[in-house]
Each structure stands twice: as structure tokens, then as C-alpha cells.
Amino acid sequence: MTTDALLTRLRAALGDGGVHVDPDVTAGYRRDMMPLAPFGDPLAVVFPESAEQVQEVVRACAEHGVPIVPRGAGSGLSGAANAVDGCVVLVTTRMNRIVEIDADNRLAVVEPGVVNLDLRGAVEKHGLFYPPDPSSYDWCTIGGNLATNAGGLCCVKYGVTTDSVLGLDVVLADGELLRTGRRTVKGVAGYDLTKLFVGSEGTLGVITRATVALRPLPQAPGTVVAAFGTTAAAGTAVSRIVREGVVPSLMEIMDSVSIAAVEAHLKTELGAGRGCAALLLCQSDSGGEAARAELAKVEQICLDSGAELAHTTFDVAEGHLLLAARRAVLMALEVYGAWLTDDVCVPRTRITELIDACERISTEVGLRVAVVGHAGDGNMHPTIVYDPTSTDEFARARRAFADILAAGLALGGTVTGEHGVGKVKREWLAREIGPVGLRTHRAIKAALDPGNLFNPGSMFDLGPA
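Let us look at the structure shown here. What you see as residue numbers is a count from 1 along each chain, following the sequence as written. Selection of residues for local features in this predicted model requires a pLDDT of at least 70, selection of side-chain atom pairs for listing and counting requires 80 or more, and totals for whole chains, interfaces and linings are taken over all residues. Side-chain measures here rest on the full set of heavy atoms in the structure, leaving out hydrogens and waters.

## Observations regarding the sheet that holds strand 5 (residues 98-102)
Sheets are built from strands paired through backbone hydrogen bonds, the pairs being either parallel or antiparallel.
Link 1 in the chain: Pairing is antiparallel across the open sheet formed by 5 strands, whose spatial order is 5-6-10-8-9. Strands at the two margins of the open sheet, each flanked by one partner only, are strand 5 and strand 9 (177-181). Across this sheet, the average inter-strand angle for adjacent strands is 10°, counted without regard to direction.
Link 2 in the chain: Bridge count between strand 8 (residues 165-171) and strand 9: 5 bridges; the pairing is antiparallel. Its bridge partner being in strand 9, valine 170 is matched across the sheet by leucine 178.
Link 3 in the chain: The contact rule is simple, with two residues in contact once any of their heavy atoms fall within 4.5 Å. Note on geometry: axes are C-alpha line fits, over the in-contact stretch for helices, and angles between N-to-C directions span 0 to 180 degrees. Numbering goes from the N terminus for both helices and strands, where a helix is a DSSP run of H or I of at least four residues and a strand is a run of E of at least two. Here helix 4 (residues 116-124) sits on the sheet and contacts strand 5, strand 6 (107-110) and strand 10 (206-213); the angle it forms with strand 5, its principal contact strand, is near 35°. Two strands pair if DSSP finds at least two bridges between them.

In C-alpha cells:
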């Protein structure tokens, strides 16, 4: 069959408005937010509006031997949604219905194009809460969150995306629709196929619907901010908070580079002017006396661990401003150049060692490296700043990116805590999971997608034929 025949079939299934081949349009769907990952030129970009249309796209592409790259909003940071030459990019943003909110059973059924923040807002009206909160939650979609098993600032208490997923509808490589999981609180029948597809980065199928678990709406958070003269003291505080059994709803850390950038950007003072080496930001959403007791304990631990300043507030607006400073780091760094964000997760007791390693790597490559992260679960985001017009600086940024991953593995960590492997960390996944793990991944891929239809080259290659 010819390319024209494929496009004719796609238009018949989706309508002319659902199929785009103009290079000026398709160019905007070639890559996500990761500048290091390779990308190609798609044959077409399609916008299905239903599971049935997704099935038609999959069947047509399978018959023509044309690969499919599923894509959400494109907010990813691993190249997982990057096109390969001659593929069809399947964009799920028009599948954006919140199908059901079942307040009594604390669940919602949603399509993959629903924006994370829109779902949070919709369930909040029922006194409920959808916990996963990636930093891009105001524009990233649930489908992309599912594909990469996204995390966020509240993971320390509520976990990553997979911890809130009960079931999925997935279009498989033969066009059949698989339903996984359940609507019940408990369920152990068969393999846990739901968790297999969450985090598979579109390599096993196209998610067309998700049943997600909801929680009661938390109380307005109280906030503790603590400034430390050394990263080691901040690390001691994190370890002690965890060991004491306190489970804050959020525990973030910022190094001196990120603090200085945010202070300049927001024209406010967070502590860097007083020689602050690290800032720890904790919140409790337990409410009432429980929250006061938790935050009092956190503040005392910080002071006992060497904090030069610790401040607690239950003023929601003040807490929001402090959290806004943490969320503003990437924007603040843009005045210095383009940024490249890494995503490594280490044991919580080794966070400060990773920060120190990033400082050393920054000196070695001669580039600014700012470190922020989720101290509560050890997931750090070292961000390398470089001049994108300089070939030399870009090469040094690539080197720093790899050196940080190596440092994370050496500290007993993992090469990604929430952004995924995509097309930028394939060799690092292989290094982390080893030959047996890689062989198992390939076997699962071959069983579910024998024609290598879905997102070829992402996460891992198929190895020798």
C-alpha cells in the first residue's frame, strides 16, 4: 500500500481536520521539551477524538507498517514523545472528556487529553483530590502523566501517578481494546497489567481512558521554610524528619544557585544573601492540631540540625508565595541561557552527596548547575544552564548531563524518578537494569507489539535481530 492510501484511510476515519501533513504544522509535533533527544520528521500528525478512532489509526498504520508515536501535550523531558522519520504522531489532546466522577467510590474516569489541573479542579468541587502534581500540571495531560508515570511535589506523601491509577483502556497493536484493572478498592485477579502500561511511554499501546483513585480534599497547608549554611546540615534535617516518622505533604530542597536565581527573578530574599547554601521547604496538609504538631516537629528538627533560620506559617497566601518561589526556578534560570533538566533519584540519605557532586561537575564543565528537588523522596532535578548558540557549551552541557546520571547511579540511585527514559536515556536504562532486565523488557515488548509499531526506539532498542 502507498502513503497516499494510508492518508486516505486516516482521513476517512478522522476527517480532514483530524489529519495534518503540512510540514509547518507537523514540525511543532516532532519533539518534547528535552533538547538532547533525537527526533525525526513525521509523515502525519493525527488527532483522534475517540477510542474507536484510535483503533482505526492503529489498524491502518499496522497494515502499512508505519510506526505510531503517541503524544499528549508535549511537556515531557525525556524525548519519549519524539517523532521518528515517517511515523504517524498520534496526539490525544482532543480526547479530553472527564467521563465520570464517582464521589461515593472516590474515583474518576477520564480520557487521556484531560489537563491535570482541570481534573484537580473538577474533583475539588466534590470535596475530592487527585494527588499527582507534576510541575507542568497546568498544561500537561493525564495521558502523558500515565505514559511517563509522572511525579511531582507531593510524591513524598501521595506517591507517583501509578499509585492513583485503578484501571486503563488501551488500544493494542492489533487494534483491539484492552481493559485493565478495576473500580474496587482491592483487586488481585491476574497480572497487574495496569501498572505495566503506566510508565511504558507509549511503547506497548495507546491509553484511551483511565480510572483514577481520588482522595478526600486535604486541609489548607501550613508551611515551614528553613535556611541552612551547608548542604550537609540540610541533608541531616531531611534524614531526621524521615526517621522521626513525619510525613509532610511536601518537602522540597533548593541549592544556593537556584536560590540566587529565584531571588533575582522574583526580586525578593529567600536567604541567599545571608550565605544560605540550601533551603528546605516543607508543608503539612493534615489540618488543625495535627498539622501544627507536624510542622513544629519539622521546625525543631531543622534547628537542631543546624538551620540558621526556620519559619512556620499557616497563612495560605504566604505559603503559596514560598511554594511559587520553588516552582519559579526554571523560569528564573532562563535569563542566564537555555536550561537542561536532569532527573535522578537517590536514597534520601545521599541527597547532599548528589548536590556536592553537581557542584563539582559544574566547576569541571564551566557551566552553571542549579539543583532543586523533592527531598522527601530523593528525586533531584539538577538543571544545567548553557548558551544554545554555542556548540562548545552545548557539548559541555551534554557531558554534565551524563556525569550527573553517573553520579546518581554511583550513589545507589536511579537515572529517572519521574520524567521517564524516552529517547535520551536508553543506554542509561540498560546500564541500570542490566542484561537480564533488558532482555525481559524486550520480551514484553515483542509479546505485545511484535511489529515494533509503537514508539520504536524509545526506552530501549530491540537488540540483535
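## Regarding the nonpolar core
Link 1 in the chain: Counting 50 residues, the largest nonpolar core has Phe228, Ile241, Leu280, Cys302 and Ile384 as its most contacted members.
Link 2 in the chain: When residues in this core are grouped by element, the largest group, 7 residues, is from helix 13 (residues 351-365).
Link 3 in the chain: Each residue touching isoleucine 384, except ones within four places of it in the same chain, is listed here: Ala338, Trp339, Leu340, Leu367, Arg368, Val369, Ala397, Ala400, Phe401 and Ile404.
Link 4 in the chain: Nonpolar cores were defined as sets of buried Ala, Val, Leu, Ile, Met, Phe, Trp, Tyr and Cys residues, with membership established by side-chain atoms within 4.5 Å. We call a residue buried when its accessible area falls under 20% of the maximum for its residue type, exposed when it is over 50%, and partly exposed in between, using a 1.4 Å probe and counting protein chains only. Grouped together as the second largest cluster of nonpolar side chains are 22 residues, Cys61, Val66, Ala173 and Leu453 included.

## With respect to the side chain of arginine 326
Link 1 in the chain: Positionally, arginine 326 belongs in helix 11 (residues 316-327).
Link 2 in the chain: In this view, arginine 326 contacts Leu153, Glu252, Met254, Leu281, Val372, Gly373, His374 and His381; residues no more than four positions away in its chain are not counted.

## Concerning helix 15 (residues 426-448)
Link 1 in the chain: For a helix, the expected span equals 1.5 Å multiplied by the residue count minus one. Helix length check: helix 15 (23 residues) gives 20 Å between terminal C-alpha atoms against 33 Å at 1.5 Å per residue, more than 12% under.
Link 2 in the chain: At glycine 434, helix 15 shows its largest bend, some 115°, and a proline, proline 435, comes one to four positions later.
Link 3 in the chain: Check the buried side of helix 15 and you find it contacts helix 14 (391-410). One axis fitted to the seven residues ending at a residue, another fitted to the seven starting there: the angle between these axes is the bend at that residue.

Just distances and angles here, no functional claims.
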